[in-house]
There are 2 protein chains.
Amino acid sequence: MNKQGLNLNTLGEFDLIERFFKRAANNAYPHILLGIGDDCALISCSAKDQVGDLAVSTDMLIEGRHFLPGAGPFSLGHKCLAVNLSDLAAMGATPVAFTLAIAMPEVNTKWLDEFSAGLLALADEHHCPLIGGDTTAGPLTISITIFGRVDATKSLKRSNAKLGDDIWISNTLGDARLVLGNIRQEWALDPTEIALVAPRMHAPVPRVTLGQKLLGVANAAIDISDGLLGDLSHILKMSEVGAEIYIDQIPCSSTLGNQSLELKRLCTLMGGDDYELCFTASTTEREKIQSISKTLGLTLTKVGKIIPVPTEVSCNLITLLDEDGQILPTELSKQYLQSFDHFKTPN
Amino acid sequence: MNKQGLNLNTLGEFDLIERFFKRAANNAYPHILLGIGDDCALISCSAKDQVGDLAVSTDMLIEGRHFLPGAGPFSLGHKCLAVNLSDLAAMGATPVAFTLAIAMPEVNTKWLDEFSAGLLALADEHHCPLIGGDTTAGPLTISITIFGRVDATKSLKRSNAKLGDDIWISNTLGDARLVLGNIRQEWALDPTEIALVAPRMHAPVPRVTLGQKLLGVANAAIDISDGLLGDLSHILKMSEVGAEIYIDQIPCSSTLGNQSLELKRLCTLMGGDDYELCFTASTTEREKIQSISKTLGLTLTKVGKIIPVPTEVSCNLITLLDEDGQILPTELSKQYLQSFDHFKTPN
């Protein structure tokens with residue numbers, strides 16, 4: 001088909017996928033037996049190309065809800081895939097491939113060029129090709145399903161936290177929330193501060209290698225998409241345990257550290273969109289974890305421990321302790337323990 | 001967690017998945033190692049639970065574009081999964097599992113009860129469990145990614161049609177378009193007629209078993225979602241061949257057969273949403289195909305054959321012949337050869 005004289009008014013969905021999202025065939029991914037363009041893609045599971053067990057995760061992102069209207073298409077493309085790679089990371093899985101379903105109000109080739117560039121650059125970095133898709137007209141909505149491989153017996157399940165485990169987080173928390181608050185005019189940062197932390201919101205780094213290295217070391221893991229306390233509580237519920245969190249030991253960037261204690265706590269405890277990993281591991285693994293941290297050049301910090309579920313029914317699964325080891329006043333604690341939820345009042 | 005006293009205003013996305021979409025754990029699906037509720041689901045690919053190669057397809061359906069506003073939630077749930085099962089069928093794959101990402105403007109428990117009932121009934125019928133999902137607030141949008149297993153070397157690829165192949169279709173075509181036109185008041189059917197054909201639009205039957213039985217028999221296949229001529233042209237482009245279609249041999253229901261020749265041709269040639277299979281097979285396979293038809297109690301009809309690509313550049317890949325074997329006049333032929341496309345003028 002002649003692609004030179006594309007008329008945008010008649011540019012159809014097959015052209016869109018072919019033109020913007022399909023890479024030239026190559027031999028870099030021998031386990032992808034069939035990619036974009038048929039009824040299904042085909043991933044090899046034969047012994048020769050053994051992909052281990054298959055980890056699958058799916059996500060739907062909507063303009064105005066998960067990202068700001070008019071978000072830059074390059075960073076949006078990056079972020080859409082990053083949040084899915086982050087789910088693989090939280091399982092310890094190695095990326096294999098992904099599919100993309102996208103609704104757009106109109107065919108904007110400049111937008112599509114930039115969006116696909118951001119998406120595919122991160123895909124290439126993680127050797128995770130796009131193998132299938134669907135495009136349609138509608139409010140801007142992006143749904144990605146991602147596949148990884150992992151030995152299921154070693155994968156980092158939410159349900160596997162053990163009493164006495166340390167609770168760790170990677171890197172620092174709270175910068176994405178700090179940036180969001182600035183955009184929403186909840187607070188004001190100066191331009192030099194913004195420049196330092198903006199990438200944390202717009203170009204999150206999925207901790208894929210960390211997740212892989214934690215296989216056989218960590219007991220449970222989750223990625224922090226909705227805020228540390230909310231996400232940790234999923235581990236606690238599924239593992240039927242409680243946790244103590246030393247809220248003033250949660251590492252944050254120097255930019256966030258320069259803000260008030262109140263703002264720092266809000267961002268590190270409840271801020272979403274960080275895509276760092278929260279994991280639990282036996283105290284016997286501390287040395288290994290420090291060694292992983294060194295190898296990756298990535299800070300890993302103990303921020304709490306797994307304890308029994310509080311006996312009083314009214315108690316939360318998470319107990320918050322300040323820098324003096326004192327339990328936080330109930331009201332303050334309650335405030336922090338609210339987590340973001342897409343069907344509750346928008347935050 | 002106490003689920004009795006759910007407050008809908010605070011019913012969060014985790015509750016939605018748990019309450020409406022999660023089935024009690026059972027041992028019916030030993031190859032699903034981990035289902036809903038973690039960062040990823042896990043599908044076994046180990047030798048013991050060998051799933052063959054993995055076929056993957058993804059789809060996004062939007063209210064007002066792919067289904068009518070206010071569509072009945074039970075049949076909507078059925079249809080969303082049916083269209084994805086149909087993609088597996090067109091590859092000859094056996095369903096393994098699926099994921100669901102859904103945006104809804106509000107939490108309507110009655111709607112969710114019915115939608116999930118329709119969705120999961122069809123899932124159970126095809127032994128295809130829901131293994132993961134994402135729910136969010138937004139305009140009603142449903143994105144499903146489905147997984148099947150198939151031996152990749154035998155799968156029914158679009159690119160494999162051979163010169164001289166017969167072109168077959170399953171069952172009858174055009175009823176879904178006939179119903180849609182009635183709803184849109186393009187034409188008027190009487191209530192008894194509507195009652196006969198309405199299920200073809202609202203509750204399509206994916207031809208999963210047919211697809212499986214065509215492995216090793218058919219050369220190429222596609223499911224008819226956008227209209228016979230449009231979908232067939234994907235096979236032709238990818239196989240670099242042309243086709244002759246005997247347009248008055250395309251089987252239709254007696255209801256559609258009772259309409260004008262013009263309407264009958266429009267619906268059978270260009271009508272989408274039928275989800276029957278169109279496949280090509282060597283003439284040496286006719287007996288086997290008739291035998292499959294008998295076994296399944298499903299009509300399979302030859303409607304054309306694969307021919308070389310026309311030498312004149314201006315010609316279409318598809319040549320339409322009427323009941324006397326005469327090539328249709330160019331203008332009429334052009335009209336039929338337009339296919340539905342989501343970014344072109346809505347039909």
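The rules behind each value
Residues numbered from 1 in each chain as written. Chains lettered and ligands numbered in written order. Predicted model: local features only at pLDDT ≥ 70, side-chain atom pairs only at ≥ 80, totals over all residues. Heavy atoms only, no water. Helix = DSSP H or I, 4+ residues; strand = E, 2+ residues; numbered from the N terminus. Contact = heavy atoms within 4.5 Å. Areas by Shrake-Rupley, 256 points an atom, 1.4 Å probe, with all protein chains shown as cover. Pairing = 2+ DSSP bridges. Axes fitted to C-alpha atoms, helices over the stretch in contact; angles between N-to-C directions. Least-squares fit on C-alpha atoms with pLDDT ≥ 70 in both. 1 Å grid on protein atoms, 1.4 Å probe; cavity = no way out; pocket = protein on both sides within 12 Å on 5 of 7 lines; lining within 4 Å. Points joined across faces, edges and corners; volume = space filled by probe spheres on them. Nonpolar A, V, L, I, M, F, W, Y, C, P; charged D, E, K, R; others polar. Buried area = accessible area lost by both parts, 1.4 Å probe. Salt bridge = Lys/Arg side-chain N within 4 Å of Asp/Glu carboxyl O. Polar contact = N/O pair within 3.5 Å; in protein donor to acceptor, adjacent residues only side chain to side chain. Domains from an automatic or database assignment. Buried < 20%, exposed > 50% of the residue type's maximum accessible area, 1.4 Å probe, protein only. Parallel < 35°, antiparallel > 145°, perpendicular 65-115°, else oblique. pLDDT = per-residue confidence, 0-100.

### Focus on the overall build of chain A
No. 1: Secondary structure summary: chain A contains 11 helices and 12 strands in total.
No. 2: Restricting to contacts in chain A with at least 6 residues of sequence separation, those with at least 24 account for 82%.
No. 3: Accessible surface for chain A amounts to roughly 14,200 Å². Of this, 50% is attributable to carbon and sulfur atoms.

### Describing the sheet that holds strand β11 (residues 300–307) of chain B
Residues and elements named next belong to chain B.
No. 1: Taking strand neighbours across the sheet as the criterion, the six strands line up as β8-β10-β7-β11-β9-β12 in an open arrangement whose pairing is mixed. Strand pairing shows two members of the sheet lacking a second neighbour, β8 (220–223) and β12 (318–321), which therefore form its edges. Each neighbouring strand pair of the sheet contributes to a mean axis angle of 25°, computed without reference to strand direction.
No. 2: Each of β7 (166–170), β8, β9 (242–246), β10 (277–281), β11 and β12 touches helix α7 (residues 228–239); the most contacted strand, β8, lies at about 145° to it.
No. 3: Strand contacts of helix α10 (residues 286–296): β7, β10 and β11, with the helix running at about 150° to β11, the strand carrying the most contacts.

### Focus: the sheet that holds strand β9 (residues 242–246) of chain A
Residues and elements named next belong to chain A.
No. 1: Strand order in this open sheet of six strands is β8-β10-β7-β11-β9-β12, and the pairing throughout is mixed. With one partner strand each, in any of the chains shown, β8 (220–223) and β12 (318–321) form the two edges of the open sheet. Between one strand axis and the next, the sheet turns by 25° as a mean value, whatever way the strands run.
No. 2: Where β9 meets strand β11 (residues 300–307), four bridges bridge the pair, whose relative direction is antiparallel. Within β11, the position partnered with E244 by the bridge is K305.
No. 3: Running at roughly 145° to β8, helix α7 (residues 228–239) makes contact with β7 (166–170), β8, β9, β10 (277–281), β11 and β12 of the sheet.
No. 4: Each of β7, β10 and β11 is contacted by helix α10 (residues 286–296), which is oriented at about 150° to β11, the strand it contacts most.

### Re the relation of the copies chain B and chain A
Each of the two chain copies goes to the other by way of a rotation about an axis and a shift along it.
No. 1: Once turned by 180° and shifted 0.0 Å along the axis, chain B lies on chain A with an RMSD of 0.0 Å. The relationship between the two copies is best expressed as a two-fold rotation axis. When each C-alpha of chain B is compared by its distance to the rotation axis, B:C45 comes out closest, at 3.1 Å.
No. 2: Comparing interface residues between copies, 99% of those in chain B also sit at the interface in chain A, which points to an isologous, same-surface contact.

### A closer look at empty space enclosed by the protein
No. 1: All told, the structure shown has two cavities of 30 Å³ or more when counted by the stated rule.
No. 2: What the largest cavity holds in volume is close to 50 Å³.
No. 3: Lining of the largest cavity is provided by A:I17, A:F21, A:I36, A:L100, A:I102, A:L130, A:G132, A:G133, A:D134 and A:T135.
No. 4: For the lining of the largest cavity, the secondary structure elements donating two or more residues are α1 (13–21), β4 (94–104) and β5 (130–137) of chain A.
No. 5: Per element, the largest residue contribution to the lining of the largest cavity is five residues, and it comes from β5(A).
No. 6: Of the residues belonging to the lining of the largest cavity, the class tally is six nonpolar, three polar and one charged.
No. 7: Of the voids in this model, the second largest cavity is the one considered here, and its volume is about 30 Å³.
No. 8: Taken together, B:I17, B:F21, B:L100, B:I102, B:L130, B:G132, B:G133, B:D134 and B:T135 make up the lining of the second largest cavity.
No. 9: Elements with a contribution of two residues or more to the lining of the second largest cavity: α1 (13–21), β4 (94–104) and β5 (130–137) of chain B.
No. 10: When residues in the lining of the second largest cavity are grouped by element, the largest group, five residues, is from β5(B).
No. 11: For the lining of the second largest cavity, the per-class residue count stands at five nonpolar, three polar and one charged.

### Overview of the interface of chain B and chain A
No. 1: With 75 residues of chain B in contact, the opposing surface of chain A contributes 74 residues.
No. 2: In total, chain B and chain A occlude about 5,500 Å² of area from one another, counting both sides; carbon and sulfur atoms represent 63% of this.
No. 3: At the junction of chain B and chain A, the tally comes to four salt bridges.
No. 4: Taking the shortest distance from any N to any O, the salt bridge between A:D38 and B:R158 comes out at 3.7 Å.
No. 5: For the pair chain B and chain A, the interface holds 20 residue pairs in polar contact (both at pLDDT 80 or more).
No. 6: Looking at which element gives the most residues to the side of chain B that touches chain A, the answer is strand β3 (residues 53–62) of chain B, with nine residues.
No. 7: Relative to strand β2 (residues 41–43) of chain B, strand β3 (residues 53–62) of chain A runs antiparallel, the two sharing three bridges. Bridge assignment links A:V56 to a residue of β2(B), and that residue is B:A41.

### Things to note about the domain arrangement of chain A
All names here are of chain A.
No. 1: For chain A, the domain assignment lists domain 1 (13–150) and domain 2 (158–336).
No. 2: Here the C-alpha centroids of domain 1 and domain 2 sit 28 Å apart.
No. 3: Each partner contributes to the roughly 1,400 Å² buried at the junction of domain 1 and domain 2, and carbon and sulfur atoms together form 63% of this total.
No. 4: For the pair domain 1 and domain 2, the interface holds one salt bridge.
No. 5: Put simply, the parts of the chain that give the side of domain 1 that touches domain 2 at least two residues each are α2 (73–89) and β4.

### Focus: helix α4 (residues 175–183) of chain A
All names here are of chain A.
No. 1: Summarising burial for α4: seven of the nine residues are buried, a large majority.
No. 2: Residues of α4 that are buried: D175, A176, R177, L178, V179, L180 and G181.
No. 3: In this fold, the buried residues of α4 make contact with α5 (191–202), α8 (254–257) and α9 (261–270).
No. 4: Once α4 finishes, Q185 follows within two positions and takes phi at roughly 60°, a positive value.

### Focus: the packing of α4(A) against α5(A)
All names here are of chain A.
No. 1: The geometry of α4 relative to α5 is characterised by a closest axis approach of 8 Å and an angle of 105° between their N-to-C directions. Compared by their axis directions, α4 and α5 come out roughly perpendicular. Contacts from D175, A176, L178, V179, L180, N182 and I183 of α4 reach α5 at I194, V197, A198, R200, M201 and H202.
No. 2: Tallied by class, the residues present in the contact of α4 with α5 amount to nine nonpolar, two polar and two charged.

### Thoughts on the confidence of the model for chain A
Residues and elements named next belong to chain A.
No. 1: Residues with a pLDDT of 70 or more make up 89% of chain A, whose mean pLDDT is 88.
No. 2: Below a pLDDT of 50 lies the segment residues 1–10, which in the model reaches 12 contacts outside its immediate sequence neighbourhood of four places, other chains included.
No. 3: Scored below 50 in pLDDT, residues 340–347 makes 24 contacts in the model with residues more than four places away or belonging to other chains.
No. 4: Both scores are given for the predicted complex: the pTM is 0.90, the ipTM 0.88.

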